Amino acid sequence: MNLLAVENLSKRFGGLVAVNGITFSLRAGEIRGLIGPNGSGKSTTMNMIGGLYRPNGGRMLLNGRPLNRLQPYQRAALGLVRTFQIPKSFGDMTVRENLFVPALATARERSPAAFRAIAERVESQLAFFQLDHVAHLPARQLSGGQSMLLQIARGLMVEQLSLFLMDEPFAGINEVIKSTIIESILRMNRERGITFLIVSHEMPSVRRLCERVSVMHEGKLVAEGTVDEIGNNPVVIEAYLGGANGAAAR
Amino acid sequence: MDLTLGTQYVLAGVVIGLLYALMAVGITFIHSMMKMVNWSMGEYYMMGSYLQFALITYLLGPRLWFLGVPMAFAVLFVVGIYIQKLVLRPMFVGESARRDDFATVVTIAMMVMFRNLAVVLGGPYQYSVPDYFPPTSLGPLPISGNRLMAMAGTVLILSGFYLFIKYTWFGTALRGMAQNRVGIQTAGVDVKRLDSIAFGIGVGLAAAAGALLAPVFLVWPEAGAVPTMKGFEIIVIGGLGSIPGSLVAALLLGLVESLGSVYVSASYRDLFGFILLIGVLLFRPTGLWGERERVA
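About the thresholds
Residue indices begin from 1 for each chain and proceed along its sequence in written order. Chains and ligands are labelled sequentially in the order written, the chains with letters from A and the ligands with numbers from 1. Predicted model: local features are reported for residues with pLDDT of at least 70 only, side-chain atom pairs are reported and counted for 80 or more only, and whole-chain, interface and lining totals are derived from all residues. By convention in this description, side-chain values take in all heavy atoms of the structure and omit both hydrogens and water. Residue types Ala, Val, Leu, Ile, Met, Phe, Trp, Tyr and Cys, when buried and joined through side-chain atoms within 4.5 Å, form a set referred to as a nonpolar core. Whether a residue is buried, partly exposed or exposed follows from its accessible area with a 1.4 Å probe, protein chains only, as a fraction of its type maximum: under 20%, in between, or over 50%, in that order. Think of it this way: any DSSP run of H or I at least four residues long counts as a helix, any run of E at least two long counts as a strand, and we number them from the N terminus. Two residues qualify as a contact provided that any one of their heavy atoms is within 4.5 Å of a heavy atom in the partner residue. Each pair of aromatic rings taken from Phe, Tyr and Trp, with Trp reduced to its six-membered ring, is defined by centres within 6.5 Å and is described as stacked if the planes are under 30 degrees apart, edge-to-face if over 60, and tilted in the remaining cases. The criterion is that NZ of a Lys, or CZ of an Arg, lies within 6 Å of the ring centre and within 35 degrees of the ring normal, and then a charge sits over that ring. An expected span of 1.5 Å times one less than the residue number is assigned to each helix. Looking at any residue, its pLDDT shows the predictor's confidence there, from 0 to 100. Buried area: the sum, over both parts, of the accessible surface (1.4 Å probe) that disappears when the two are put together. The term salt bridge refers to a side-chain nitrogen of Lys or Arg lying within 4 Å of a carboxyl oxygen of Asp or Glu. Only strands joined by at least two bridges in the DSSP assignment are considered to pair. Handedness of a crossover is defined as follows: with both strands directed away from the viewer, a clockwise route from the first strand across the helix to the second makes it right-handed. The axes are straight lines fitted to the C-alpha atoms, using for helices just the contacting stretch, and the angles between their N-to-C directions are given from 0 to 180°. Nitrogen and oxygen atoms within 3.5 Å of one another constitute a polar contact, given that in protein one can donate a hydrogen and the other can accept it, and given that sequence-neighbouring residues count only through two side-chain atoms. Like-charged residues are merged into a patch within 9 Å and nonpolar side chains (Val, Leu, Ile, Met, Phe, Trp, Tyr) within 5 Å, provided each residue has over 30% relative accessible area and no salt bridge. Accessibility throughout is a Shrake-Rupley quantity obtained with a 1.4 Å probe, and a residue counts as covered only by protein chains that appear here.

Q: Please clarify how the nonpolar core should be interpreted in this entry.
A: B:Phe29, B:Tyr44, B:Leu174 and B:Phe199 are the most contacted members of the largest nonpolar core, which totals 85 residues. Tallying contributions element by element places helix H1 (residues 3–34) of chain B first for this core, with 15 residues. If we ignore the near neighbours within four places in the chain, the residues touching B:Leu174 are B:Phe29, B:Met33, B:Phe164, B:Ile165, B:Leu194, B:Ala198 and B:Ile201. Judged by nonpolar contacts, the second largest core, of 50 residues, contains A:Phe129, A:Leu149, A:Ile198 and A:Met203.

As structure tokens, this is what we get:
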């Protein structure tokens, strides 16, 4: 069953067509990679699905429900969250407070028992992402890698999370933190059945995580398949990887 | 210098600073949330003072003046919410890069409109409100009862405001919005709703200041002009968007005005604030607690 369906989605900025009528879908429980050269429209696509940009054409459905007119907070309430390449933390709040925000915002119940349950989830996420020793610090004091971990942990605090969009989660991150992120994605996919759409240039990480990969070029979806399939696709090699790099990626 | 006299001057400065603080916190609160400057803050102050005058004269009587302050806050809070929804929110629709600037220009229009509306409805006259409290003393400082009550009210309101911001869910969401507007949306918070509430709280604080200071600065259409000027001086000194900065700057401005009036001349009272402002900007262009850059 499809969790997300994107149909003929377009976005223009003045005369520039950033996304040009793309169509794809995600199965519930899938981990999909979205790759492409810089300026191919990946982040614009993420911004439209996440609700930050309004599309000029096409439609998006989450579990069959139209998303186009929904604000980002309404999408979060439906279980759709995202991360950004540059983490959007609440810098003056503590790391712990950062995790409380989405949990409280999307909580269906506001009783003391529900609050205790949220507090327990916060502590468990802090421990899993190895942020417990910095939980009391303002988020602005975290390193780039820790900020990315915080951003992912914060997304996972959304109640009823079903689709997690990640924009370049591995950019500029050291290997240890990269492993923690990969492990968290696999675990959340396995344990909570969360679907992931991951934009990344990090082919080794994409290969490790994603069963299928969609490739964008100049605002269009030019290929879809396993990492091996797209690595052998001449359109992709020409448009994105380049001959020698394509061989390296394979 | 005589120690008692010195203490009196410092205390007088602290009192004046606290009286300015409420207005400044309202201005900076709205700016930190919506990234816009509300030039009509003085008019909400003015409306708060008119409301207090009307409540005391026709409903509550002089002895129950203190009930007028929360009532002025509540009424202007609701008015602020609707003004934000009907007049300012349309400026934030769409993908314009200058929408906060458009909203700021709209507040200038509202300033002119409200000021003239007050002239139309109440005439260009000054109304006086009965004294809240007889003259008394604060330690070694002889102080007017009205100022003492206004100061106590300010401390009470700012304490409540701090507790609300620090310990409630709404306060946490508002802090999150001030720190990262995009981040708070994707965390599941409705920023449009928070914008309205933040605007309502900000103008409500101005109205409470107007109600508290009604017997000190009288009630008239331009009553909000001086508090607005002081409020803007304070937020620039403290750093635009910083509430702790506003509190410290308000006290600093009060002290500078008080000590300057005594040791130089009371005629230059307003000038001392601007000298402080220029001095701070020379060394810290973003103000004492100002952020160095905006976060999207």
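Q: Just to check I follow, could you spell out the packing of aromatic side chains for this structure?
A: Think of a pair of aromatic rings as described by two things: how far the centres are apart, and how the planes are tilted against each other in angle. Overall, the coordinates contain 14 aromatic pairs over all chains when judged by the stated rule. Aromatic ring contacts, followed pair by pair, group B:Tyr44, B:Phe114 and B:Phe199 into a single cluster. Sitting above the plane of the A:Phe84 ring, A:Arg82 keeps its charged end 4.0 Å from the centroid. Cation over ring: B:Lys85 sits above B:Tyr82, and NZ or CZ is 5.7 Å from the ring centre.

Q: Quick question: what am I supposed to make of helix H5 (residues 145–167) of chain B here?
A: Because the α-helix completes a turn every 3.6 residues, residues three or four places apart line up on one side. Taking 1.5 Å per residue, 23 residues should reach 33 Å; H5(B) reaches 33 Å between its end C-alpha atoms and fits that length. For H5(B), the complete set of buried residues consists of B:Gly145, B:Asn146, B:Leu148, B:Met149, B:Ala150, B:Met151, B:Gly153, B:Thr154, B:Leu158, B:Phe161 and B:Ile165.

Q: Explanation requested: the confidence of the model for chain A in the structure shown.
A: The predicted coordinates should not be examined in detail at positions where pLDDT is low. Model confidence for chain A is summarised by a mean pLDDT of 90, while 96% of its residues fall at 70 or above. Contacts from residues 246–250 of chain A, a stretch scored under 50 in pLDDT, to residues over four places away or in other chains number seven contacts.

Q: So what exactly am I meant to see when it comes to the interface of chain A and chain B here?
A: Accessible area lost on assembly of the parts is the figure often given for the size of an interface. Counting residues at the interface gives 25 residues for chain A and 18 residues for chain B. Roughly 1800 Å² is buried in total at the junction of chain A and chain B, and carbon and sulfur atoms are behind 62% of that figure. Linking chain A to chain B there are one salt bridge. Elements with a minimum of two residues in the side of chain A that touches chain B: helix H2 (72–77), strand E6 (80–83) and helix H3 (95–106) of chain A. For the side of chain A that touches chain B, the element with the highest residue contribution is H3(A), accounting for six residues.

Q: Any chance you could explain the pairing of strand E8 (residues 195–199) of chain A here in plain terms?
A: Successive side chains on a regular strand alternate, one facing one side of the sheet and the next facing the other. All names here are of chain A. The buried count for E8 comes to five of five residues, which makes it a mostly enclosed element. Of the two faces of E8, the one holding Thr195, Leu197 and Val199 and the one holding Phe196 and Ile198 are both buried throughout. Here strand E7 (residues 163–167) runs beside E8; their pairing, made up of five bridges, is parallel. Across the sheet, the residue bridging to Leu163 is Thr195, located in E8. Regarding the hand of the β-α-β motif, the stretch spanning E7, helix H6 (residues 175–192) and E8 is right-handed.

Q: Honestly, the sheet that holds E8(A) in this entry has me stumped. Any pointers?
A: Within a sheet, neighbouring strands are paired by backbone hydrogen bonds and run either parallel or antiparallel to one another. Residue and element names in this part refer to chain A. Strand order in this open sheet of six strands is E6-E7-E8-E3-E9-E10, and the pairing throughout is mixed. Looking at which strands have only one partner, the edges of the open sheet turn out to be E6 and strand E10 (220–225). Averaged over all neighbouring strand pairs, the angle between strand axes comes to 20°, with direction disregarded. Seen against the sheet, helix H1 (residues 42–50) touches strand E3 (31–35), E6, E7, E8 and strand E9 (212–217) and runs at an angle of roughly 150° to E7. Of the strands in this sheet, E3, E7 and E8 are in contact with H6, which crosses E8 at around 155°.

Q: Can you walk me through the side chain of B:Gln84 in this structure?
A: Residue and element names in this part refer to chain B. Summarising the element assignment, Gln84 is placed in helix H3 (residues 65–88). Residue classification places Gln84 among the buried positions, given a relative accessible area of 0%. Within the local environment of Gln84, its side chain forms a polar contact with the side chain of Ser196, the two groups lying 2.7 Å apart. Aside from chain neighbours lying at most four places away, what touches Gln84 is Met34, Arg89, Lys192, Asp195, Ser196 and Phe199.

Q: Just to check I follow, could you spell out a nonpolar patch on the surface for this structure?
A: All names here are of chain B. Together, Tyr58, Leu59, Leu64, Phe66, Leu67 and Met71 make up an exposed nonpolar region whose accessible area comes to about 620 Å². Broken down by secondary-structure element, the contributors of at least two residues to the nonpolar patch are helix H2 (41–60) and H3. Checked against the element boundaries, Met71 lands in helix H3.

Q: Could you clarify how one ought to interpret helix H5 (residues 144–156) of chain A in this entry?
A: Here H5(A) spans 19 Å end to end across 13 residues, near enough to the 18 Å set by a 1.5 Å rise per residue. Of all 13 residues in H5(A), 12 are buried; the element is thus mostly enclosed. If you check which residues of H5(A) are buried, you get A:Gly145, A:Gln146, A:Ser147, A:Met148, A:Leu149, A:Leu150, A:Gln151, A:Ile152, A:Ala153, A:Arg154, A:Gly155 and A:Leu156. Where H5(A) is buried, its residues touch E6, H3, helix H4 (112–128), E7 and H6 of chain A together with helix H7 (181–186) of chain B.

Q: What's the story with unusual backbone geometry in this structure? I'm lost.
A: A negative phi holds for most residues other than glycine; trans holds for most peptide bonds. All names here are of chain A. Positive phi outside glycine occurs at Asn63, with the angle close to 55°. Relative to the elements of secondary structure, Asn63 occurs in the loop between strand E4 (57–62) and strand E5 (65–66). Taking the relative accessible area as the measure of exposure, Asn63 reaches 46% and is therefore partly exposed.

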